[in-house]
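# Summary of the model geometry
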Amino acid sequence: MSITQETPAAPAATKRELAEAAMRRSWFPVARIVDLDAPQRATLLGQDLVVYRAGNGTVAVQDRRCPHRGADLSAGAVHEASIGCPYHGWQFGAADGGCVRVPSLADQSKIPPRAGIKTYPVQLKYGHVWTVLEDPIRDVYEVPYWDGVEWEWLAGEPLDSAVGVAITVENFRDVAHFPFVHQVSMGPTPEVVEPLSPTRDGLNVWMDRELNAGSGDWAEDGNCMMHYFCSAPGLASITYDYERLGKRVVAGFPSPIDYNTVKIFWGVANQVGYQGASLEECLRVEDMVYREDLPIVDGVQPREVPWDAEFQEFSVPADLFTLNYRRCFGELMQRAQAAPQAQA
């Protein structure tokens, strides 16, 4: 009598694994457009990338390692439609990554047919170059508060932070830390948070909140309405709507170097004709806000939201907006789990 042994079922994916899988299928910025005069190094979820603009204007995001002997292509020269390796001069097309020239070969028809570098999708938006590592499950972010408005964008200097995407977004849109972290940039602000009324739909959550100008760097602008908007996994924005001045924006796009570390790409925008501070001045003040946050947030433990409840947390009504953002991220995980990958 033979005994049939059943193959044990594979363990269910942890939420952390689902979060990583979802981010690999989501768009993130990897460089500022203004920096493309030279090839840029980037790392997205552990994947080393080179970002550049070829002579013909094509913007490319590709694997950084040369498949010949492993040199760093970001140190290479950009040509009309390709990038050249700094080690042996091999060139790879900006459009598809195929090897188009090997200088040591007298007969270029002898180029190894499979030599090439992986090339990723590219979109240029909000002053940045965006890409996605795998078959996307969502589009690059669209913010309804920005519809129908002509904007001028200015990208900030990217900032490194030792926490993950979700922790970073939560910090951007947390409203209870202002009186403790932003005394310089915002001045005295009330400790008690009024009842919050966020609205969530799918991957997006938004909320309107009145701003009392207070005595900080924005005091002379007067009061306004702040339109908070977040989208999973990595957009957090505020659109400031001043009755007297017009509209301005600050937006953060944290990009995961790995699961627990981000490079914060961010920028400001003014409505064309905005009567308040210049883009440069708005950037200066918002940069101050970011730099006030960094030393506090970089000490948060764990370094990413404990999706698998490995740490105990307690929440209060002031956390209602960020709790809704976590629900958005949870829906993104579900989409990644349900949506099959496109065949290469």
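That block above? That's the structure.
In this text the structure is predicted, and so the values were computed from the model without any measurement.

## What to know about the sheet that holds strand S10 (residues 128-131)
Taken in spatial order, the 3 strands of this open sheet run S1-S10-S9, and their pairing is antiparallel. Taken across any chain shown, the strands that pair with only one partner, and hence form the sheet edges, are strand S1 (28-32) and strand S9 (123-125). Taken pair by pair, the neighbouring strands of this sheet meet at an average axis angle of 35°, ignoring direction. Strand direction decides the pairing type here: S1 and S10, joined by 4 bridges, are antiparallel. The partner of Phe28 across the bridge, within S10, is Thr131.

## Here we look at the pairing of S10
Taken residue by residue, a regular strand's side chains alternate between the two faces of the sheet. Of the two faces of S10, the one carrying His128 and Trp130 and the one carrying Val129 and Thr131 are both buried. With 3 bridges joining them, S9 and S10 adopt antiparallel strand pairing. If you follow Leu124 over to S10, its bridge partner there is Val129. In sequence, S9 turns back onto S10 through a hairpin of 2 residues, with Tyr126 there showing a positive phi of about 55°.

## Focus: the pattern of salt bridges
When charged atoms on two side chains of opposite charge get close, those side chains can pair. A full pass over the atoms with the stated rule returns 18 salt bridges. For Glu142, the salt bridge identified is with Lys125, shortest N-O distance 2.3 Å. Of this pair, Glu142 sits in the loop between S10 and strand S11 (151-155) while Lys125 sits in strand S9; the two residues are 17 residues apart in sequence, bridging distant segments of the chain. By relative accessible area, which is 18% here, Lys125 ends up buried. In the salt-bridge network here, residues are joined through shared partners; they are Arg41, Asp48, Arg64 and Asp72.

Criteria and thresholds
- Residues numbered from 1 in each chain as written.
- Predicted model: local features only at pLDDT ≥ 70, side-chain atom pairs only at ≥ 80, totals over all residues.
- Heavy atoms only, no water.
- Pairing = 2+ DSSP bridges.
- Helix = DSSP H or I, 4+ residues; strand = E, 2+ residues; numbered from the N terminus.
- Axes fitted to C-alpha atoms, helices over the stretch in contact; angles between N-to-C directions.
- Buried < 20%, exposed > 50% of the residue type's maximum accessible area, 1.4 Å probe, protein only.
- Salt bridge = Lys/Arg side-chain N within 4 Å of Asp/Glu carboxyl O.

Keep in mind that these numbers describe shape and distance, not what the molecule does.
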